[in-house]
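Reading the structure
Read off the chains here:
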Amino acid sequence: MQNIFIMNKVRVILLSSLLAVVFLFSCKTDTRSPENTVRVRQASSIKTLNPFLYRSTYESAVFELIYQFLTNFHPVTLQISPQLVKSMPAVQDIQNGEFTGGQSFTFEILPEAVWDDGKPVSSYDYAFTLKALFNPTMPTQRFRAYLNNIRDIQVDAENPKKFTVFTNNKYFLSEAAIGNFVVLPEHVFDPEGLMKDFTLKDLTDPEKAATVGADPKLQQFTDAFTSPKFARETVSGSGPYKLVEWVDDQRVVLARKENWWGTKYSEQNPLLAAYPDTIIFVPIADQTAAFTAVKDGSVDVASELDSKQFVELRETDFVKENFNFFTPPTYIFFLTSLNNRNPKLSDKRVRRALAHCVDMDAVIRDLYDGLAERQIGPFFPDKPYYDQTLKPIQMNLDSARHLLEAAGWKDSNNDGVVDKVIDGKRMELKLQYLYNPNSNYDSDFTMLFKNNAQKAGILIDRIPLESTVMAERLRNGDYEVAGRGARGLPVPDDPAQLWHTNSAQPGGSNYPRFGNAASDALIESIASASDEATRNKLYLEFQQLLYDEQPVIFQLCPAGKIVIHNRFDPVVNRMGVALAHLKLKQ
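Computed from a prediction, not measured in an experiment: that's the story for all the values here. (Residues numbered from 1 in each chain as written. Predicted model: local features only at pLDDT ≥ 70, side-chain atom pairs only at ≥ 80, totals over all residues. Heavy atoms only, no water.)

1. Comments concerning the packing of helix α19 (residues 517-528) against helix α20 (residues 532-549)
- With their axes 9 Å apart at the nearest point, α19 and α20 run at an angle of 155° to one another. As judged from the angle between their axes, α19 and α20 are roughly antiparallel. The way α19 lies across α20 gives a crossing that is left-handed. Side by side, α19 and α20 meet where Ser519, Leu522, Ile523, Ser525 and Ile526 of the first sit next to Arg535, Leu538, Tyr539, Glu541, Phe542 and Leu545 of the second.
- Partitioned by chemical class, the residues of the contact of α19 with α20 number seven nonpolar, two polar and two charged. (Axes fitted to C-alpha atoms, helices over the stretch in contact; angles between N-to-C directions. Helix = DSSP H or I, 4+ residues; strand = E, 2+ residues; numbered from the N terminus. Parallel < 35°, antiparallel > 145°, perpendicular 65-115°, else oblique. Left-handed = near helix turned anticlockwise from the far one by under 90°. Contact = heavy atoms within 4.5 Å. Nonpolar A, V, L, I, M, F, W, Y, C, P; charged D, E, K, R; others polar.)

Shown next, in the form of structure tokens:
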């Protein structure tokens with residue numbers, strides 16, 4: 001599971017959402033887009049377009065049209081494929097020398113690839129990007145989780161577009177990970193050359209990194225890189241689109257570059273195709289406002305729609321005549337995160353009791369109109385290592401009560417809420433549940449959960465919270481219970497980012513703060529497994545471990561609820577809508 005998370009949804013409050021929609025659209029008598037302009041509803045505003053500081057998929061949806069990867073997911077096959085490079089890397093096992101037991105990966109960047117100012121995209125830009133990621137003062141821990149076996153890079157002496165990356169061991173995701181982060185222009189992001197004197201080798205070696213980490217230039221670079229300048233003022237990549245306007249909570253406008261270098265490759269490489277002239281991202285957090293925007297044609301693309309409203313839209317004449325509907329399976333799942341380090345939730349019997357307080361089959365039927373499937377664990381059912389023997393946790397309030405009693409929670413004062421003495425103090429099992437008030441599903445789910453839990457003697461206090469605030473609290477472990485989501489990718493899973501204790505610290509992505517030596521060892525064994533069969537067995541063990549420990553309550557995997565104006569031929573896959581591939585029908 002990647003960092004690849006939707007867990008941090010940036011939302012605006014209902015009033016400001018409605019005002020934004022009114023401001024944008026009410027003054028227009030004709031809401032139709034110019035023919036080759038695409039207006040995209042997003043369920044949140046964005047805060048940054050810095051590719052290493054983003055926290056939501058809404059932000060990555062924008063910056064991935066501006067910046068590029070060495071390799072990326074093919075929009076049709078979802079296979080890792082070349083984007084900035086001529087081909088997938090030449091991979092060799094290292095048989096001798098400093099990195100014996102590791103591998104080398106040799107890439108060559110396309111000769112035409114240039115930055116906005118015409119400077120060529122070179123190996124030195126990629127090397128700089130790696131050094132920035134490994135700068136110990138940078139908040140890039142979540143990226144390094146997949147790159148920790150990288151040790152050095154060598155640029156070809158004869159060809160500045162060709163380079164080789166060296167690892168110190170074999171890692172099953174190395175080929176995918178080494179190419180699947182955006183490449184930044186060194187001369188733009190480090191104009192003072194603060195990183196030039198540091199070698200990648202020094203930054204990737206833990207002992208040397210501890211020494212060079214004290215150099216003030218590293219912190220100076222980080223201070224500049226994380227400043228507002230590189231969040232929105234300086235947004236410059238090698239991709240097909242440029243940022244032309246950003247009005248907070250109203251719109252972000254991208255325009256296709258004239259004479260973009262990648263156009264010559266667009267027919268042979270879909271990852272270099274870009275058809276819309278303009279793409280306008282419109283934040284509409286409120287579901288009813290989004291529903292209205294589709295009904296009156298104010299947007300051309302909308303996803304993450306409320307299930308009941310999506311069903312209603314399919315029966316609305318104007319929408320039926322002008323839009324196509326898509327419900328693809330997704331690489332997204334929802335869960336209830338439980339802070340395992342909270343003394344009230346540290347016992348797995350309490351966590352399992354909470355899991356018995358929700359009827360997910362009824363939730364899917366009644367709250368999601370059947371447009372979802374149950375999620376049993378951290379992996380998706382289409383993965384070959386998905387454990388089909390694990391049974392869904394069923395709602396059973398009697399089981400919940402028995403588990404609570406076995407864990408020492410009893411209603412000693414007959415007030416309807418179970419209690420227990422913890423550290424010499426009697427505590428009632430009262431839990432704050434953080435949720436997104438702009439999501440009808442989150443609102444309904446938390447109310448249902450609260451009502452059921454109360455019958456088992458657990459008091460749930462629903463706390464509506466603006467998502468940036470909630471995301472910060474999750475990252476810092478400052479919560480008890482919270483609703484969130486996670487996103488997977490069409491590659492084998494590495495559980496380290498979400499479940500290893502290295503990520504269970506402030507700023508890390510192990511929000512449940514789950515893990516111990518045994519779970520860490522299992523995660524590390526998955527990463528180092530020598531063959532797929534061995535790794536698949538370890539995946540099964542890991543799924544069983546999570547099932548037994550119940551660190552979170554897995555909810556459901558939603559179908560995509562997507563509407564797209566029918567003047568476009570779309571490309572829709574499990575990862576969503578390929579916006580650059582929305583091509584006007586002839």
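2. Comments concerning the sheet that holds strand β14 (residues 372-374)
- Pairing is mixed across the open sheet formed by six strands, whose spatial order is β14-β20-β13-β19-β17-β18. Sheet topology places β14 and β18 (459-464) at the edges, where each strand pairs with a single neighbour. Strand-to-strand twist of the sheet, defined as the mean angle between neighbouring strand axes without regard to direction, takes the value 30°.
- When strand β17 (residues 430-435) meets β18, the two strands line up parallel, connected through six bridges. (Pairing = 2+ DSSP bridges.)

3. Things to note about the side chain of Thr129
- Considering the arrangement of structural elements, one finds Thr129 in helix α3 (residues 123-134).
- Residue class for Thr129 comes out buried when judged on its relative accessible area of 0%.
- Within the local environment of Thr129, its side chain forms a polar contact with the backbone oxygen of Asp125, the two atoms lying 2.8 Å apart.
- The residues contacting Thr129, other than those within four sequence positions of it, are Phe52, Phe181, Val182, Val183 and Leu184. (Buried < 20%, exposed > 50% of the residue type's maximum accessible area, 1.4 Å probe, protein only. Polar contact = N/O pair within 3.5 Å; in protein donor to acceptor, adjacent residues only side chain to side chain.)

4. Quick notes on the environment of Asp442
- Checked against the element boundaries, Asp442 lands in helix α16 (residues 440-455).
- Sequence separation between Asp442 and Gly377 is 65 residues; the distance between their C-alpha atoms is 20 Å.
- Apart from residues lying up to four places away in sequence, Asp442 is in contact with Tyr435 and Asn436.

5. Brief notes about the environment of Glu321
- Inspection of the secondary structure assignment puts Glu321 in helix α12 (residues 317-322).
- Residue classification places Glu321 among the exposed residues on the basis of a relative accessible area of 59%.

6. Section: unusual backbone geometry
- Here the phi dihedral of Asn259 falls at roughly 55°; this positive angle occurs in a residue that is not glycine.
- With respect to the helices, strands and loops of the structure, Asn259 is situated in the loop between β9 (251-256) and β10 (278-283).
- With a phi angle near 55°, Asp423 is a residue other than glycine that sits in the positive phi range.
- Position of Asp423 relative to the elements: it lies in the loop between β15 (419-422) and β16 (425-428).

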